[in-house]
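# Examination of the molecular architecture
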Amino acid sequence: MNDRSLTVLAVGATGSIGRLVVAEALRRGHRVKALVRDAGRAERVLPAAADLAVGDLTRPATLAAAVDDVDAIVLTHGSGTREADVRDIDYAGVANILTALDGRRARIALMTAVGTTRPGTPYAAWKRRAERLVRASGNAYTIVRPGWFDYNDATQRAIVFRQGDTEQSGTPADGVIARDEIARVLVDSLTNPEADHRTFELVASDGPEQDDLTPLFAALTRDAADALDAAEDAATAPLADEPQRFRDDLAALPR
Ligand SMILES: NC(=O)c1ccc[n+]([C@@H]2O[C@H](COP(=O)([O-])OP(=O)(O)OC[C@H]3O[C@@H](n4cnc5c(N)ncnc54)[C@H](OP(=O)(O)O)[C@@H]3O)[C@@H](O)[C@H]2O)c1
């Protein structure tokens, strides 16, 4: 479905979602480069068909070879909920990958989380800043905000895209989704022409999984060109209130 063969860099490839992204991208005939910190461990958990690029998101010099020659990048890395970790790994990892591209274009698929725009949540604020860098980077992109991983019942396989990020209780009541469906949506977005400049929450409802995601992508409101925020996000984070570090990263983005 809409597939052409790409070279896809999987960032967070050894993680619970990243492993499924690697498998799904290979299944769809893409070449996969997996960014990994420990090649020995990666060889044990990833299919042999994936190429390994050894690098660390917190060490920019290690990323140039990883982004060299890629058509697309799927970012599913993560560190937890400690603000400093989300800033230094989740957020800075996105900034460092975009910088490593050095102006070359790549199709981006970024996974953040439902509730990313929730005010007063410091770790979420860094996720939102990572989204903002991707939107400002000049690349074609899709930003996927999944609900709670694998909290779905077996009957909840119908994929639902929502916008506006209005469910912010911080509990599974905000939405649930199976891990394999997250990977499917991320990989599908790379080649689905309706997915570009879309930001949405990804959850599931009762029913079977759809064969074709195109109508779901096409029904979404597109993010405005060069907008920092998603089309239907509440304007709760004025740029003037953002930390200097973020404003410096935004200004330094290669475009
Ligand atoms: N749990 C939920 O219900 C839920 C819902 C929505 C969103 N999320 C988000 O999902 C993310 C977690 O996804 P997951 O379960 O796939 O995570 P995970 O299993 O913990 O995997 C994290 C991945 O990030 C990599 N990583 C961490 N630091 C790195 C660094 N410095 N350089 C390179 N790679 C690094 C890890 O590599 P190593 O193998 O080398 O450690 C691993 O591949 C979190 O950001 C969370 O906010 C979670």
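In this text, all values refer to a predicted model and were calculated from it rather than measured experimentally. (Residues numbered from 1 in each chain as written. Predicted model: local features only at pLDDT ≥ 70, side-chain atom pairs only at ≥ 80, totals over all residues. Heavy atoms only, no water.)

### A word on the overall build of the protein chain
- A count of helical and extended segments in the protein chain gives eight helices and 10 strands.
- With the C-alpha coordinates aligned to their principal axes, the bounding extent of the protein chain is approximately 45 × 40 × 30 Å.
- Going through the 255 residues of the protein chain one by one, you find that 53% of them count as buried.
- Here the protein chain has roughly 10,600 Å² of accessible surface; of this, 50% comes from carbon and sulfur atoms.
- On the protein chain, the mean spot of the 31 positive side-chain charges and the mean spot of the 39 negative ones are 4 Å from each other. (Helix = DSSP H or I, 4+ residues; strand = E, 2+ residues; numbered from the N terminus. Buried < 20%, exposed > 50% of the residue type's maximum accessible area, 1.4 Å probe, protein only. Areas by Shrake-Rupley, 256 points an atom, 1.4 Å probe, with all protein chains shown as cover. Lys, Arg positive; Asp, Glu negative; His and termini not counted. Charge placed at Lys NZ, Arg CZ, Asp CG, Glu CD.)

### As for unusual backbone geometry
- Its identity as a non-glycine residue notwithstanding, Asp 102 has a phi of 55°, on the positive side.
- Tracing the backbone shows Asp 102 in the loop between helix H4 (83–101) and strand S5 (107–111).
- Judged by its relative accessible area of 62%, Asp 102 is exposed.

### Observations regarding the pairing of strand S10 (residues 198–205)
- The buried count for S10 comes to seven of eight residues, which makes it a mostly enclosed element.
- One ladder, built from five bridges, connects strand S8 (residues 158–162) with S10; its direction is antiparallel. Counterpart to Val 160 in the pairing with S10 is Val 203. (Pairing = 2+ DSSP bridges.)

### Concerning helix H5 (residues 122–136)
- Under the 1.5 Å per step criterion, the end-to-end length of H5 is 21 Å for 15 residues, consistent within 8% with the ideal 21 Å.
- The element H5 is largely enclosed, with a buried count of 12 among its 15 residues.
- Among all positions in H5, only Ala 124, Trp 126, Lys 127, Arg 128, Arg 129, Ala 130, Glu 131, Arg 132, Leu 133, Val 134, Arg 135 and Ala 136 are buried.
- Buried residues in H5 make contact with H4, S5, strand S6 (141–146), S10 and helix H8 (244–252). (Expected span 1.5 Å × (residues − 1). Contact = heavy atoms within 4.5 Å.)

### Quick look at the nonpolar core
- Within the largest apolar cluster, 36 residues are counted, with the highest numbers of intra-cluster contacts made by Phe 161, Val 185, Leu 186, Phe 200, Leu 202 and Phe 217.
- Here this core gets six residues from one element, more than from any other, and that element is helix H6 (residues 179–191).
- With sequence-adjacent residues up to four places away left out, Phe 217 is seen in contact with Thr 142, Phe 161, Val 185, Asp 188, Ser 189, Asn 192, Glu 194, Ala 195, Arg 198 and Phe 200.
- Tyr 91, Val 94, Ala 95 and Tyr 141 belong to the second largest nonpolar core, which has 34 residues in total. (Core = buried A, V, L, I, M, F, W, Y, C linked by side-chain atoms within 4.5 Å.)

### Considerations on the site of the ligand
- Near the ligand, the surroundings consist of 24 residues, among which Thr 14, Ser 16, Arg 37, Arg 41 and Lys 127 are the closest.
- At a separation of 2.7 Å, an oxygen atom of the ligand approaches a polar side-chain atom of Arg 37.
- A distance of 2.6 Å separates an oxygen atom of the ligand from a polar atom in the side chain of Lys 127.
- Relative to its unbound accessible surface of 940 Å², the ligand loses 78% to contact with the protein.
- Of all elements in the fold, only H4 and strand S7 (148–149) reach the threshold of two or more residues within the shell around the ligand.
- Residues that form the shell around the ligand fall into these classes: nine nonpolar, 10 polar and five charged. (Near = heavy atom within 4 Å. Polar contact = N/O pair within 3.5 Å; in protein donor to acceptor, adjacent residues only side chain to side chain. Nonpolar A, V, L, I, M, F, W, Y, C, P; charged D, E, K, R; others polar.)

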